Amino acid sequence: MNILVYLIPISLLLGGFGLGFFIFTLRSNQYDDPEGDARRILSDDFDSKPK
Amino acid sequence: MTTALHVSTSACPACAAAPNVPPAETDTNASAQIMLSLPTIHCAACIAKIERALNARPDVTSARINLTRKRAHISAGPETTAQDLQQFVQELGYEAHELDQSALNATQTDRAGRALLMRLAVAGFASMNVMLLSVSVWSGAEDATRDLFHWISAAITLPAIAFCGQPFFRNAWAALSQKRLNMDVPITLAILLAVGTSLWETALSGEHAYFDAALTLTFFLLAGRYLDHRTRAIARSAAEELTALEVPRAKRLNPDGIEEEVSVAVLCVDDLILVQPGGRMPVDGNITTGLSEIDRSLLTGETCPVPAAPGQAVSAGEVNLSGPLTIQATAVGTETSLHRMADLVALAESGRSRYTSLADGAARLYAPGVHILSALAFAGWYLWTFDMRTALNIAAAVLIITCPCALGLAVPAVTTAASGRLFRRGMLIKHETALERLAQVDTVVFDKTGTLTEGMPELTNLDGVGRSDLSAALALAQGSAHPLARSLTQAVRGVGISPLELKAVTEVPGCGVQGEFEGQELRLGRAEWVGANGANQTSVFLQRGKEKPVPFLFSDNLRPGAKEAVAALRDAGMDVHLISGDTAVPVANIAEQLGITSWQAEASPTDKAIHIQEMTDAGARVLMVGDGLNDTAALAAAHASISPASALDAARVASDIVLLGGDLSPIAAACVTARAATKRIRENFRIATLYNIIAVPLAVAGLATPLIAALAMSTSSITVSLNALRLR
C-alpha cells in the first residue's frame, strides 16, 4: 500500500495540471470565437500573436 | 528626504529614462474603437480578405473579426469614422452595418459566464478525483486506508465546495434574509450537511462519507446553471445587437447656420433639427419650416401618409416622406412620446410577472417537502436510537438523495435545446419563461401594418387605368422618393410602359408632383391637391388640366409566410384575430385575404391593450404579434408576444420573442416546439420524482449508502439530460 504515497499525489498533480491549463485557456479568451478559430487555421497567414 | 521624492516609481530603466508623457496627450491620441456587424461572412477566406484589407489601411491600427458573432472590432485613428469603414468593407463585397457600442454590454454577461464555467471546471476536477477515491472505498478499502482516502477527499472537497458552491450559498442567503424559500436553500443545506456529517464520520473513522455526493451534486447543478446562463446570454447579445444596429444620429442646425451631425443623446429642447426625406424624427417637436408628408404607421398603424406643415407637432419615430423639414425640439430623450409609451408598457407588464414558471412551481412544492422529510427522518431516528450520529447521517442521506439535482437540470437542458432549435429557424427567445407561456397560447392577435403586411404599398388598379394616364403618371412619379411614387414607378415600368416627355417637373412637398405636357398642366398627388374626393384607401390622383382626376389605388403587400402562419395557427385550433390602428377598408381587405373573420380597425394603443385584457379575463391565453409603437402596450399585456426584427426598439423590448427574418411562417412551428418543450420539462420532472420515490424510502430506512446516493444522482441527471436532447 506504500505505493499510494506516490500515486495519489501524482494523480492529483496530473488532474490539477489539466485544470490549470483549462483555466489558462479560459483566461486568454480562447472560447470567444470558436467558429472563427476553427477556420483561421485554414488561412495561410502566419499569425504569431493572435489577439 | 527630498531626493527620495524625485525617485521614479517605475522599476523599468527605459520608463525611468523616457520623459513622462502627460496623460491628456494620450487621451487625445486615443484611437477610435469601431465595431461593424458583418452578417454575410462565413469562411476563412472572408476573414482573411477583410482583415488583410482593413489592416492595410494606414489609419487602422488593428482589425480582428469574430466569426461566431459575425462582427469586426477595429481600432483606428481618431479621424476615421465608422461610415468610412462600413463603405470600405461594402466595397470589398460584404454587407456591413455599424454597431452602436454603447448598446452592447455583453462583456459583463461574459464575465459572469466565465466565472460560472470556472466553478464548473473546478467542481468537475474535484468530483472526479474524489469519486476515484470513493470507488476504492466502495470496493473494499478498510481501516487506515479508508481513513486516509476520506481525509484526502476532505482536503479536496472543502476548498472546492467553498469556491464552487458560492452561487448557491449567495442565492440561499438572499432568499433566507427575505424569509423566503427557494431551490437554493435545500441545495445549500444538503451540501453543508453532507460535508459536515462526512467530516464528523471521518474524524471518528466511520464507514460512510458523502464527499463525492456533495461534489457531484455541485457539479450537476452548476452544469444546469451554466446552460441556463448561456441560453440567456445568447438571447441577450442577439437582442442587443438588434438595438446596436440603429445608431441614433441627427442633423442639428446650429445657431450660426451650420449643420452638424450629432448623436441623438446630446440634443436639447429648442434645438433645430433637419430631417431629410426618408429620415425618422429623432425627437418630439414642432415643424418650423418645410412642407412634407409624414408616415405614422409605426406609431399608429395608419398606412395613409398625413400632410405636414409649419406649426404642426410631430412625434419621435414618425418618418418624413417627401420634403426636408426643420423641426424645433419640444421633448428629447426619455421625455419623448416614444419613451412615454414605456410607462404604459410597465403598467401592462405587471400582469405578466404574476406568471409562475414550471421550475418555480416545482420549487415551491419541493423545498418545504424536502426539509420536512429530512427533519422527520432525523427526529424519528433520534427518538428511536438516541444516537445523534446515526440520526444526523440519515438526515444528510435523505437531503442528498432528494436534492433537486435532476430538477436543476430538467428545465435548463430543455430550454437550451428548444431555444437553439428555434434560433436556427429565425426566432430569438428573449424571456426565460417565454416558451412555457407560448405553449399555453390558444388565441393569436395580429397587428396589420408592418406585421402581417410589409408596410410597403402596392398598386392595385393597374388594369383599370389607360395607357396614356399610366405613361403620364410614370413621368411624374419617377423622380420622387415618396414610397407611393416609387411603388407606382415600379409597377408601371413592370408592364413596359415608357414615360411621357414632360417639361418643368417639380415636386411640391406635402402635395405631390407637377409638370407640363403640350401646354397642359399635369398633377399627381394627394386627393385635396388635385380637387378629388379622397378614396377610403391609400391612393394618389392624376389630373390633366381641368379634367376629372384619375385615381391610383394602393394596398399593402402581405408579408411572406403570413398566409401559411395564419392557416397553420387556425389548423392548430387557435382563434386568430386582427386588430389594427388603420382604417376599416384596408383592414377588412387583409382580413379577407387571410381568412380572418374577427377583425377590428381604428384601434388606439389603449384599445388594443384593453381588448387583450378582455380576452384574458374571459379565460383566453393571448399571443400578440405586433411591431408598432401602438402595439407595445398590447405586447406587454398579452400572455406571450412576438415582434419582427423590423419593429421599433420599444416594441422589441416589450416582446418575449423576436422574429429575425422577414418570414412569418415560423410562428406556428414555434408554438409546436414550445408545446413539445413544455411536455419534455414535465416529463423530466416526472423522471426526477420517480428516482426520488425509489431512493427516498431507502434513505429514510437508513439503507442508503454513499454508493446508492451517487448512483441515483448520476443516473437521474443523465436520463434527464438525454430526454431533453430528444426534443424535435
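Residues numbered from 1 in each chain as written. Chains lettered and ligands numbered in written order. Predicted model: local features only at pLDDT ≥ 70, side-chain atom pairs only at ≥ 80, totals over all residues.

Visitor: Would you mind going over the overall build of chain A with me for this structure?
Guide: Along its length, chain A carries 2 helices and 0 strands. Burial status across chain A gives 0% buried among its 51 residues. (Helix = DSSP H or I, 4+ residues; strand = E, 2+ residues; numbered from the N terminus. Buried ≥ 20, exposed ≤ 12 C-beta atoms within 10 Å, placed from the backbone.)

Visitor: Got a minute to help me understand the overall build of chain B in this structure?
Guide: For chain B, the helix and strand inventory stands at 27 helices and 26 strands. When burial is assessed residue by residue, chain B has 45% of its 728 residues classed as buried. For chain B, the proportion of contacts with a sequence separation of at least 24, taken over those separated by at least 6, is 68%. (Contact = placed C-beta atoms within 7 Å.)

Visitor: Mind showing me how you'd approach helix α23 (residues 605-617) of chain B here?
Guide: Quick reminder: α-helices carry 3.6 residues per turn. Residues three or four places apart thus point the same way. Residue and element names in this part refer to chain B. Over its 13 residues, α23 runs 19 Å from end to end, which matches the ideal 18 Å to within 8%, given 1.5 Å per residue. Within α23, the full set of buried residues consists of P605, K608, A609, I612 and M615. Down the axis of α23, the smallest arc covering the buried residues is 120 degrees, so these residues share one side. Every exposed residue of α23 that faces more than 90 degrees away from the buried side is listed here: T606, E614 and D617. Looking one or two residues beyond α23, the residue adopting positive phi is G619, at roughly 100 degrees. (Expected span 1.5 Å × (residues − 1). Arc of directions from axis to C-beta.)

Visitor: How should I be thinking about the sheet that holds strand β25 (residues 640-644) of chain B in this particular structure?
Guide: As a general point, the strands of a sheet are linked pairwise by backbone hydrogen bonds and lie either parallel or antiparallel. Residue and element names in this part refer to chain B. Taken in spatial order, the 7 strands make up an open sheet running β14-β26-β25-β24-β15-β22-β23, and their pairing is mixed. Edge positions in the open sheet fall to β14 (427-429) and β23 (598-600), since each of these has one partner strand only. Strand-to-strand, the axes of this sheet are offset by a mean angle of 20 degrees, without reference to chain direction. The pairing of strand β22 (residues 575-579) with β23 spans 3 bridges and is classified as parallel. Residue pairing in the sheet places H577 in a bridge with S598 of β23. Across the face of the sheet, α23 comes into contact with β15 (443-446), β22, β23 and β24 (622-625) while running at roughly 160 degrees to β24. (Pairing = 2+ DSSP bridges. Axes fitted to C-alpha atoms, helices over the stretch in contact; angles between N-to-C directions.)

Visitor: How should I be thinking about the interface of chain A and chain B in this particular structure?
Guide: Put simply, an interface is often sized by how much accessible area is lost when its parts join up. Between chain A and chain B, the residue contacts involve 19 residues of the former and 20 residues of the latter. Broken down by secondary-structure element, the contributors of at least two residues to the side of chain A that touches chain B are α1 (4-27) and α2 (34-40) of chain A. Looking at the side of chain A that touches chain B residue by residue, the class counts come to 9 nonpolar, 3 polar and 7 charged. (Nonpolar A, V, L, I, M, F, W, Y, C, P; charged D, E, K, R; others polar.)

Visitor: Teacher, can you tell me more about the sheet that holds strand β2 (residues 60-66) of chain B here?
Guide: Residues and elements named next belong to chain B. What the 4 strands build is an open sheet, ordered β2-β3-β1-β4; its pairing is antiparallel. Two strands close off the open sheet at either side, each with one partner strand: β2 and β4 (97-98). Note: β2 against strand β3 (residues 71-76), 6 bridges, orientation antiparallel. By the bridge assignment for β3, S62 is matched with S75.

Visitor: Whenever I open this one, the nonpolar core confuses me. Can you help?
Guide: The tendency in soluble globular proteins is for nonpolar side chains to be buried side by side. All names here are of chain B. By size, the foremost hydrophobic cluster in this structure holds 141 residues, and its most contacted members are L217, I400, I401 and A410. No other element matches the 14 residues that helix α26 (residues 666-700) contributes to this core. Both domains that furnish three or more residues to this core are identified here as domain 2 (111-239 + 360-402 + 706-725) and domain 4 (415-454 + 558-676). For L217, the contacting residues outside a window of four places in its chain are A190, I191, I400, C403, C405 and M713. L459, L476, A491 and F552 belong to the second-largest nonpolar core, a separate cluster that totals 23 residues. (Core = buried A, V, L, I, M, F, W, Y, C linked by C-beta atoms within 7 Å. Domains from an automatic or database assignment.)

Visitor: How do you make sense of the domain arrangement of chain B when you look at a structure like this?
Guide: All names here are of chain B. Along its sequence, chain B is organised into domain 1 (31-99), domain 2 (111-239 + 360-402 + 706-725), domain 3 (249-334), domain 4 (415-454 + 558-676) and domain 5 (456-556). For domain 4 and domain 5, the distance between their C-alpha centres works out to 35 Å. With 7 residues of domain 4 in contact, the opposing surface of domain 5 contributes 5 residues. Contributing elements (two or more residues each) for the side of domain 4 that touches domain 5: β16 (453-459) and α22 (584-594). If you tally residues by element for the side of domain 4 that touches domain 5, the top one is α22, at 3 residues. Grouping the amino acids of the side of domain 4 that touches domain 5 by side-chain chemistry returns 2 nonpolar, 4 polar and 1 charged.

Visitor: Sorry, what's going on with the packing of helix α14 (residues 388-402) of chain B against α26 of chain B here?
Guide: All names here are of chain B. Closest axis-to-axis distance for the α14/α26 pair is 9 Å, and the angle between their directions is 175 degrees. As summarised for this structure, α14 and α26 are arranged roughly antiparallel, according to the angle between their axes. Of the residues in α26, those touching α14 at I394, A397, V398, I401 and T402 are N692, A695, V696, A699 and V700. Taken together, the residues of the contact of α14 with α26 sort by class into 8 nonpolar, 2 polar and no charged. (Parallel < 35°, antiparallel > 145°, perpendicular 65-115°, else oblique.)

Visitor: Please clarify how the environment of L524 of chain B should be interpreted in this entry.
Guide: Mapping L524 of chain B onto the fold places it in strand β19 (residues 520-525). Sequence spacing of L524 of chain B and R686 of chain B is 162 residues, and the spatial spacing of their C-alpha atoms is 69 Å.

Visitor: Looking at this model, I keep getting lost on unusual backbone geometry. Mind explaining?
Guide: Most peptide bonds take the trans form, and the phi angle of most residues other than glycine is negative. Residue and element names in this part refer to chain B. Notably, D143 is not glycine yet its phi reads approximately 50 degrees, a positive angle. Judged by local crowding, D143 falls into the exposed class, with 8 C-beta atoms found within 10 Å. Of note, the phi angle at E602 is positive, near 50 degrees, even though the residue is not glycine. In this fold, E602 is placed in the loop between β23 and α23.

Visitor: Explanation requested: the environment of T145 of chain B in the structure shown.
Guide: Mapped onto the fold, T145 of chain B is located in helix α7 (residues 143-164). Residues T145 of chain B and T606 of chain B, spaced 461 residues apart in sequence, show a C-alpha to C-alpha distance of 75 Å.

Visitor: So what exactly am I meant to see when it comes to the pairing of β25 of chain B here?
Guide: Two faces make up the sheet, and in a regular strand the side chains alternate between them. All names here are of chain B. Counting buried residues in β25 gives 5 out of 5 residues, a clear majority hidden from the surface. Of the two faces of β25, both are covered, the one formed by A640, I642 and P644 as well as the one formed by S641 and S643. Note: β24 against β25, 3 bridges, orientation parallel. Within β25, the residue paired with M624 across the bridge is S641. Assessed by its sense of winding, the connection that carries the chain from β24 through helix α24 (residues 632-637) to β25 is right-handed. Bridge analysis of β25 against strand β26 (residues 657-659) gives 3 bridges, and the strand direction is parallel. Bridge pairing in β26 links I642 to I657. For the segment spanning β25, helix α25 (residues 649-654) and β26, crossover handedness is right-handed. (Right-handed = clockwise from strand over helix to strand, strands pointing away.)

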